[in-house]
Amino acid sequence: DLMPYLEDEHEVEEIQPGFLTKPLVYSLETLCAWYKEKFKNSEGNVRNCNGRRDLVFIIFEEFEGFSVPIIGDAITLISGFRKIIPFVFVFGVATSSSVVQEILRYPVSSCVAIENFQTPPSVHFLNTVLDKVLFSKKLPFKLGSKVFNLLMDLFLYHDFAVSNFVNNLKFCMLEHYFSSKASVLCCDISEMKKRIKLMNPEDLIVFQTLPSCSRIPQSKVKDNADDICFKKYLEESLEKLHKHLSKFNGFVGALNKIASGLPSVPLGKQFRETYIMAFGSLISDTDAYKTAFQLLRLSSREELTKRVSETVVTLNAISTRENVNTNFVQDQLAHYLHQLQTVGDMLIETEEENPTINIGKKMSKAELQEVLLEAAKNKKISPFERVRDELLDFLDIEFKKNLRPPTEFPFHEVYVFDAVQSVKRHLIGAPRSALQVALVNPHLYLQCDCCRIEDSAAVEKSMPDTCIAYKVHLECGKLINLYDWLQSFGAIVDPENSEDGISKNT
């Protein structure tokens, strides 16, 4: 509070209702007095325990928008008090650091020592939010691939604002919990079991009518008379899905690590890109997955060893965080990793010369092609190629088994929200349709009785002029005569003068 340090404190009158008070005058002298009193230690000095003075930061947001003379005078004036208060200016520059040198002339820039620094890009903060919130085991709520893809498009192609992404994510959660009755079980396992036990037959009908329930064998879906059996099956299915979601994230991370850096990056650079692909459909059936494994089968020993090492580290970290058992996969990868590291010596001992093809007589093109194909089939592979093929075959089997899309599980609507149309309707504005509705029926926005109509095609004299002109325009076809349009408009707004004008013209 700077009130006790104001120079004109004795002149400030008491605030009386109905009278304007004298504005308070703040100055750098006032700031210096406040600084000395605020940071004065027991010895009367303004230095802290480390022997340094506390800094005063002044932040200039959107530095390019400031007036050059004003900011130059401010820096020059403040620099005169640097012996009393150590000032630090923070310039928020959105373009390039060279802008500071262009705006600040030499007499002004000589008063400050400039150092450049930059914050991490917003994508980095987004990945942190996704990793600690949406991909965490603590949050049972999951975004479907369509909604997740829509939110990422809004972020990447519109504003790059993490706060807006978080608000959109909050809206999706609210929409999920308020629009779906099945979301009552979107909670942790222990709470989910308690809620299932308290359900009555009417509550169970909500889950029996879910779209994913139609894929359940009829023997599993019982009538309401056998509610105990259905409750047990519902609990087992949700518990199985919950465990699968935890393991799903680990193997998505492993797939992203082993496929990262491939030419054209078929499975994406970021974890979220691979996650969206795997969540929407069986990723092993996609062309991107097949292309990635074809490129991996052409990898060198050093490159493949590095990829497998990073995959083992990723699986270990995610399994520890999500409390998922992936020891078998890690042990197998460690075994293949050891073979890859020692396969170099084996190549020297077992390498054989390529067999030659003896062609004793002239052959046609078809016969030569057949001989070459047969030779290619009988070609011996090196030990490294054998280990590489076994490793990739093992990974292919594990990915197909553990990257099954969660949307294929029964009752996945409890955890997964994928109502993309609802999200588009609320988050993406449609100004054209809103304007058309407002022009056709202004009562929806004005809420006045004079604009109330029963038929949307009706035109009332009391409507706004813009609405009348628009509705008259709708009565025409592709082409419209400007004179006829204005005559029709005048006939509705002022029918008496319009009739007089028509009679004079005739």
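Values in this document were obtained by computation on a predicted structure and should not be read as measured data.

## Considerations on the overall build of the protein chain
Here comes step 1: Tallying secondary structure elements over the protein chain gives 22 helices and four strands in all.
Here comes step 2: Summarising the internal contacts of the protein chain: among those between residues at least 6 apart in sequence, 68% fall at separations of at least 24.
Here comes step 3: Within the structure as shown, the protein chain displays about 32,500 Å² of accessible surface, and the carbon and sulfur contribution to it stands at 55%.

## Overview of the confidence of the model for the protein chain
Here comes step 1: The predicted model of the protein chain averages 81 in pLDDT, with 85% of residues at 70 or higher.
Here comes step 2: Taking the mean pLDDT of every element in the protein chain, the minimum, 59, falls on helix 22 (residues 495-505) and the maximum, 93, on helix 7 (residues 162-179).
Here comes step 3: Note on residues 345-353: pLDDT is under 50 here. Beyond four places in sequence and across chains, it has seven contacts.

## Description of the side chain of Asn256
Here comes step 1: For Asn256, the location among the structural elements is in helix 10 (residues 227-259).
Here comes step 2: A polar atom in the side chain of Asn256 sits 3.0 Å from the side chain of Thr274.
Here comes step 3: Every residue in contact with Asn256, bar those within four places of it in the chain, is listed here: Gly268, Lys269, Gln270, Phe271 and Thr274.

## Quick notes on the packing of helix 5 (residues 122-134) against helix 6 (residues 145-159)
Here comes step 1: Contact geometry of helix 5 with helix 6 gives a least axis separation of 12 Å together with a crossing angle of 155°. Compared by their axis directions, helix 5 and helix 6 come out roughly antiparallel. For the crossing formed where helix 5 meets helix 6, the hand is right-handed. Every residue of helix 6 that contacts helix 5 at Ser122, Val123, Leu126, Leu130 and Leu134 is listed here: Phe148, Met152, Phe155 and Leu156.

## What to know about the pattern of salt bridges
Here comes step 1: All told, the structure shown has 10 salt bridges when counted by the stated rule.
Here comes step 2: Among the ionic pairs, Arg297 bridges to Asp393, the shortest N-O distance being 2.9 Å. Taken together, the residues Arg297 in the loop between helix 12 (287-296) and helix 13 (301-322) and Asp393 in helix 16 (residues 383-402) connect sequence positions 96 residues apart.
Here comes step 3: Relative accessible area serves as the criterion here: at 29%, Arg297 is assigned to the partly exposed category.
Here comes step 4: By relative accessible area, Asp393 is classed as partly exposed at 38%.
Here comes step 5: Residue Glu303 pairs with Arg307 through a salt bridge whose shortest N-O separation is 2.8 Å. With Glu303 and Arg307 both in helix 13 and four residues apart, this pair spans about one turn of that helix.
Here comes step 6: Assessed through its relative accessible area of 32%, Glu303 is described here as partly exposed.
Here comes step 7: Classification of Arg307 as buried rests on a relative accessible area of 7%.
Here comes step 8: Through salt bridges with shared partners, a single ionic network connects Arg297, Asp389 and Asp393.

## With respect to the pairing of strand 1 (residues 56-60)
Here comes step 1: Summarising the sheet, strand 1 and strand 2 (residues 87-91) pair through five bridges and their orientation is parallel. Paired with Val56 across the two strands is Phe87, which belongs to strand 2.
Here comes step 2: In the classification by handedness, the crossover that spans strand 1, the intervening helix 2 (residues 68-79) and the parallel strand 2 is right-handed.

## Quick word on unusual backbone geometry
Here comes step 1: Here the phi dihedral of Glu62 falls at roughly 50°; this positive angle occurs in a residue that is not glycine.
Here comes step 2: Relative accessible area serves as the criterion here: at 64%, Glu62 is assigned to the exposed category.
Here comes step 3: The phi dihedral of Val265 is positive, around 45°, even though this residue is not glycine.
Here comes step 4: The residue Val265 is located in the loop between helix 10 and helix 11 (271-280) in this model.

## Some points on a nonpolar patch on the surface
Here comes step 1: A cluster of nonpolar residues, Val437, Leu444, Tyr445 and Leu446, forms a patch on the protein surface that exposes about 390 Å² of accessible area.
Here comes step 2: Ranked by the residues each element gives to the nonpolar patch, the list is headed by helix 19 (residues 443-446), at three residues.
Here comes step 3: By relative accessible area, which is 51% here, Tyr445 ends up exposed.

## Side note on the environment of Ile480
Here comes step 1: If you trace the backbone, Ile480 turns up in the loop between helix 20 (465-474) and helix 21 (482-493).
Here comes step 2: Exposure remark for Ile480: the relative accessible area of 37% places this residue in the partly exposed category.

## So, helix 6
Here comes step 1: Between its terminal C-alpha atoms helix 6 stretches 21 Å, which fits the 21 Å expected from 15 residues at 1.5 Å a residue.
Here comes step 2: Within helix 6, burial applies to Ser145, Val147, Phe148, Leu150, Leu151, Met152, Leu154 and Phe155.
Here comes step 3: Along its buried surface, helix 6 packs onto helix 5, strand 3 (142-143), helix 7, helix 11, strand 4 (416-417) and helix 17 (420-427).

## Here we look at the packing of aromatic side chains
Here comes step 1: In the structure shown here, the tally under the stated rule is 23 aromatic pairs.
Here comes step 2: Between the aromatic rings of Phe60 and Phe66, the centroid separation amounts to 5.4 Å while the plane-to-plane angle is 75°, which identifies the pairing as edge-to-face.
Here comes step 3: Judged by its relative accessible area of 33%, Phe66 is partly exposed.
Here comes step 4: Pairwise contacts between aromatic rings join Phe135, Phe148, Phe248, Phe271, Tyr275 and Phe279 into one cluster.

## Description of the nonpolar core
Here comes step 1: Leu143, Phe148, Phe207 and Phe411 are the most contacted members of the largest nonpolar core, which totals 83 residues.
Here comes step 2: If you tally residues by element for this core, the top one is helix 10, at 13 residues.
Here comes step 3: Residues Phe60, Ile71, Ile75 and Leu104 belong to the second largest nonpolar core, which totals nine residues.

## As for the packing of helix 10 against helix 13
Here comes step 1: Orientation of helix 10 relative to helix 13, taken along the N-to-C sense of each, is 160°, at an axis distance of 8 Å. Relative to helix 13, the element helix 10 lies roughly antiparallel. The two elements helix 10 and helix 13 meet at a crossing, and its hand is right-handed. Listed contacts from helix 13 to Ser246, Asn249, Gly250, Gly253, Ala254, Lys257, Ile258 and Ala259 of helix 10 are Arg307, Glu310, Thr311, Thr314, Leu315, Ile318 and Glu322.
Here comes step 2: Split into classes, the residues belonging to the contact of helix 10 with helix 13 amount to five nonpolar, six polar and four charged.

Basis of the calculations
- Residues numbered from 1 in each chain as written.
- Predicted model: local features only at pLDDT ≥ 70, side-chain atom pairs only at ≥ 80, totals over all residues.
- Heavy atoms only, no water.
- Helix = DSSP H or I, 4+ residues; strand = E, 2+ residues; numbered from the N terminus.
- Contact = heavy atoms within 4.5 Å.
- Areas by Shrake-Rupley, 256 points an atom, 1.4 Å probe, with all protein chains shown as cover.
- pLDDT = per-residue confidence, 0-100.
- Polar contact = N/O pair within 3.5 Å; in protein donor to acceptor, adjacent residues only side chain to side chain.
- Axes fitted to C-alpha atoms, helices over the stretch in contact; angles between N-to-C directions.
- Parallel < 35°, antiparallel > 145°, perpendicular 65-115°, else oblique.
- Left-handed = near helix turned anticlockwise from the far one by under 90°.
- Salt bridge = Lys/Arg side-chain N within 4 Å of Asp/Glu carboxyl O.
- Buried < 20%, exposed > 50% of the residue type's maximum accessible area, 1.4 Å probe, protein only.
- Pairing = 2+ DSSP bridges.
- Right-handed = clockwise from strand over helix to strand, strands pointing away.
- Patch = residues over 30% accessible without salt bridge, like charges linked within 9 Å, V, L, I, M, F, W, Y side chains within 5 Å.
- Expected span 1.5 Å × (residues − 1).
- Phe/Tyr/Trp six-rings, centres within 6.5 Å; stacked < 30°, edge-to-face > 60°.
- Core = buried A, V, L, I, M, F, W, Y, C linked by side-chain atoms within 4.5 Å.
- Nonpolar A, V, L, I, M, F, W, Y, C, P; charged D, E, K, R; others polar.

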